[in-house]
Amino acid sequence: MTASLPALVDLVRRSRRIVAVTGAGCSTASGIPDYRDEAGDWKRKPPVAYRDFVRGPRVRQRYWARSLAGWPAMADARPNGAHDALARLEREGRVDCVVTQNVDGLHQAAGSRAVIDLHGRIDAVRCLGCGAVTSRALFQEDLLAANPSWRGVAAPTAPDGDADLEAQDLASFVVPDCALCHGILKPDVVFFGESVPPARVEEAYAAVRAADLLLVVGTSLMVFSGYRFARAAAAANVPVALVNLGRTRADDLAAVKVAAPAAETLDRLADEVEDTGDARPALSRTRSAGSSPPARP
Ligand SMILES: [Zn+2]
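Here's what I pulled together on the structure shown here. Since the structure is predicted, the reported quantities are computational estimates derived from the model, not experimental observations.

**Some words on the overall build of the chain**
Regarding its fold elements, the chain presents 9 helices and 11 strands. Residues counted as buried form 52% of the 297 residues belonging to the chain. The long-range fraction of contacts in the chain, counting pairs at least 24 apart against all pairs at least 6 apart in sequence, stands at 73%. Surface exposure of the chain reaches about 13400 Å², of which carbon and sulfur atoms provide 52%.

Have a look at this one:
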């Protein structure tokens, strides 16, 4: 395994169908904290589990109270150099698709068009009863209307739109239910212990198998949900490149690894790839039938 940026630049320069798999380290420079440390271990309490959320009204009170406090920072987050670089590499016809484990929507905000939100989006709320999807920004108003004393509450930002609210009294917190069916409302993200919808996984696998480079950015791949794509790439002889500060579960599979922060590294990468030229316009690319990359809104 080579461990240098020039080796990564060289690899990217020779690639036309890059699939990027991104994780929390891609968004930390946007002010969204990470759950794991550089060794890939939990550095805070693991996120709420699906089963607990569905079964426990108190768990939902706690989740939504913390989310109420954490939402403003999430809503204000802006893309950083890593998101911008991947969007730029897509426009230059090098990146086919971004498969992200992040739920923050920052790849789309940076202009990436082919994005698979593996774990869903935190800016949407889904009813577990009738399936209706509504905007998280509007739900914030519902949360505040139901809990007027919580307006202006501030707490340290935590991952995934969460906030650390340990000392608050949650027993009186009112969680609005679905206006249509009174069902349980859940953020439209894949919780811990919940499966990624199979069609979404297949779409990502298809993109990885058709890739000429798998570029893993800002994730230790400790969750199998992301790691399986590195394994699929290796099995299909697609080279794997890693940009991550710490250890990753795919270190053994990688052709190149740059152990550095995502934002600066990808920013430099995009600059140097462009400087060395050889970028063909996207329209001149050829692609065999049946292997189109996924296009998502
Ligand atoms: Zn409903």
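**Concerning the pairing of strand S8 (residues 185-189)**
Counting buried residues in S8 gives 4 out of 5 residues, a clear majority hidden from the surface. Pairing of strand S4 (residues 120-127) with S8, which is carried by 4 bridges, proceeds in the antiparallel orientation. Directly across from Gly120, in S8, lies its bridge partner Val189.

**What about the coordination of the zinc ion?**
At this site the zinc ion is bound by Cys127 (SG), Cys130 (SG), Cys178 (SG) and Cys181 (SG), with donor distances of 2.3 Å. With 4 donor atoms in place around the zinc ion and angles of 96 to 115 degrees between them, the coordination shape is tetrahedral. Mapping the donors of the zinc ion onto the primary sequence gives the spacing C-x2-C-x47-C-x2-C. Highlighted residues: Cys130 in the loop between S4 and strand S5 (133-135) and Cys181 in the loop between strand S7 (162-163) and S8, separated in sequence by 51 residues.

**Quick word on the packing of aromatic side chains**
All chains considered together, the criterion is met by 8 aromatic pairs. Taking 5.5 Å as the distance between ring centres and 50 degrees as the angle between the ring planes, the aromatic pair formed by Tyr63 and Phe191 counts as tilted. With Tyr63 in helix H3 (residues 57-76) and Phe191 in the loop between S8 and helix H7 (198-209), the pair connects residues that are 128 residues apart, well separated along the chain. With a centroid separation of 4.8 Å and an interplanar angle of 70 degrees, the aromatic rings of Trp64 and Phe139 are classed as edge-to-face.

**Some thoughts on unusual backbone geometry**
Not every positive phi belongs to a glycine, and His182 is a case in point at roughly 60 degrees. Of note, His182 is situated in the loop between S7 and S8. Given a relative accessible area of 61%, His182 falls into the exposed group. We note that Asn237 has phi near 60 degrees; this positive angle belongs to a residue other than glycine.

**Quick notes on the nonpolar core**
Ranked by size, the top nonpolar core spans 29 residues in total, and within it Leu8, Val12, Leu215, Leu266 and Leu269 carry the most contacts. Those elements that place two or more of their residues in this core are helix H1 (5-13), strand S1 (18-22), helix H4 (81-91), strand S2 (95-100), strand S9 (213-217), strand S10 (240-243), strand S11 (256-258) and helix H9 (262-275). Broken down by element, the residue count for this core peaks at 6 residues, all from H1. Residues contacting Leu266, with those up to four places away along its chain left out, are Gly81, Ala82, Ala85, Leu86, Val217 and Val243. Grouped together as the second largest cluster of nonpolar side chains are 28 residues, Ala211, Leu214, Val240 and Leu242 included.

**Regarding the pattern of salt bridges**
Under the criterion given, the structure shown has 12 salt bridges. As a salt-bridge pair, Arg14 and Asp10 come within 3.2 Å of each other at their nearest N and O atoms. With relative accessibility at 31%, the residue Asp10 sits in the partly exposed group. Of the charged contacts in the structure, one is a salt bridge between Arg88 and Glu274, with a shortest N-O distance of 3.1 Å. Taken as a pair, Arg88 in helix H4 and Glu274 in helix H9 lie far apart in primary sequence, 186 residues in all. Given the relative accessible area of 17%, Arg88 is considered buried. Residue Glu274 is classed as partly exposed on the basis of its relative accessible area, which comes to 43%. Residues joined by salt bridges that share partners form a network here, namely Arg88, Glu92, Asp271 and Glu274.

Each value, and the rule that gives it
- Residues numbered from 1 in each chain as written.
- Predicted model: local features only at pLDDT ≥ 70, side-chain atom pairs only at ≥ 80, totals over all residues.
- Heavy atoms only, no water.
- Helix = DSSP H or I, 4+ residues; strand = E, 2+ residues; numbered from the N terminus.
- Buried < 20%, exposed > 50% of the residue type's maximum accessible area, 1.4 Å probe, protein only.
- Contact = heavy atoms within 4.5 Å.
- Areas by Shrake-Rupley, 256 points an atom, 1.4 Å probe, with all protein chains shown as cover.
- Pairing = 2+ DSSP bridges.
- Donors = N, O, S within 2.8 Å, 3.2 Å for Na, K, Ca; no water.
- Tetrahedral: all angles 85-135°; square planar, octahedral: opposite > 155°, others 65-115°.
- Phe/Tyr/Trp six-rings, centres within 6.5 Å; stacked < 30°, edge-to-face > 60°.
- Core = buried A, V, L, I, M, F, W, Y, C linked by side-chain atoms within 4.5 Å.
- Salt bridge = Lys/Arg side-chain N within 4 Å of Asp/Glu carboxyl O.

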